[in-house]
Each structure stands twice: as C-alpha cells, then as structure tokens.
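A structural walkthrough
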Amino acid sequence: REGNALTPSGLLFFYLGPTIAGATISADAAANQFVKKAGDVASSVFLDGALYATTGDYNGDGKLDLAVGEPKRTVLNAQNTVLDVSQRGTVYVLFAIADRAKGLSLTSPDRIINGEGEFDQFGVLSSTGPVDLNRDHLADLFIDAPGADVVSPSLIPGGGKVYVVYDGVVAP
C-alpha cells in the first residue's frame, strides 16, 4: 500500500551488487535504488497491489534496465473503501537504472506495456533475471498473465498466458 510522505510503505527496494548471506540491513538505508508506486492521485487516496521486478538489458545499450510489473491495482480512500480495481495489468520499463537519481517513479517510465484483457493480471515477472531466449545477446522479457483466457481449441477461462517481449519491442 502506498503510504503518505512520512511512511515509506508501498516502495520496491533493490540493490546493485552481490548479496551477503545472513546479513540484516535496513532497506531504506542500504538500497541503491527504489521505485515509488504512486500515480497521479490525491494524498487521501492510496494504491494497493503487488509489484514484481526483474532486470536485464532490454534496449541493447549495455546498461541494466528494470521492468516492474503491476498485475492488479486497487485504489482505496483513507477509510479503506475501494474506489477502483484494475486487473488488466501493466509493465513499466525503465532504462539505465544505475544512471538515474535515487527514487524512481512509475509515473515516468521509458516504456509502458499494457495487458490485453480486463482480468488478465498481466505483469507477473520472473525474478530469475536476464534470459536470452533467441540468443541475440539482449535480454528478453517474460511476462505472465495468470488470469488471461486461453482458446485451445476450446475456451479455458483464466488458463493464463506467458508473453515473451524480445529486445526490439522495448527499444528506444
């Protein structure tokens, strides 16, 4: 849930570098970068929903890029009343994340990829990191839509789909 300015909830923290087994660290102090989920909403409205993230060089510039998936977004007011729910899903791609100022926002990504169907929940991303499926030396982005209907040969409601976005689709 996206909190107010004093409560840094709803943030996605990530670290550039190796992990340290058994280490306990303060996320806000040690993070190299973080992504704030907030959109163009008033301070009395909150965004709720999971974020998924993965990295790779999606545009071929040799720099690490970040993809953030948001399969479902619920808009709540201060009384926790649901104002809106979107399950279409969205993936935000931010290029060259190490070159950016700390504190990325999903309101200004380099690319936005939207889900097809109203209840697809497009945006579940693999956490395994870069995969080069077509062996062109660029990362390919795998995006799951677990709620998508499948036709093969009959309709399977919510059968799910996996999309592969090859490098050229998100190139600048």
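Everything below is about the structure printed above this text.
The notes below deal with the structure included here. If you're wondering where the values come from, they're calculated on a predicted model, not measured in any experiment. (Residues numbered from 1 in each chain as written. Predicted model: local features only at pLDDT ≥ 70, side-chain atom pairs only at ≥ 80, totals over all residues. Heavy atoms only, no water.)

So, on to the sheet that holds strand β3 (residues 45-48). On the basis of which strands lie adjacent, the open sheet formed by three strands has the order β3-β6-β7 and antiparallel pairing. Here the strands that pair on one side only, and so sit at the sheet edges, are β3 and β7 (82-86). If you compare each strand with its neighbour and ignore which way they point, the axes differ by 15 degrees on average. Two strands pair when backbone bridges link them, and β3 and strand β6 (residues 73-77) are joined in this way by four bridges, in the antiparallel orientation. What sits directly across from Asp48, in β6, is Thr74. (Pairing = 2+ DSSP bridges. Helix = DSSP H or I, 4+ residues; strand = E, 2+ residues; numbered from the N terminus. Axes fitted to C-alpha atoms, helices over the stretch in contact; angles between N-to-C directions.)

Quick look at unusual backbone geometry now. A cis amide bond, omega -25 degrees, links Ser152 with the succeeding residue Pro153. A positive phi angle, near 55 degrees, is found at Arg135, a position not held by glycine. By relative accessible area, which is 72% here, Arg135 ends up exposed. Here His137, not a glycine, exhibits a phi torsion of approximately 70 degrees, which is positive. By the secondary structure assignment, His137 is in the loop between β11 (124-125) and β12 (141-145). With relative accessibility at 74%, the residue His137 sits in the exposed group. (Buried < 20%, exposed > 50% of the residue type's maximum accessible area, 1.4 Å probe, protein only.)

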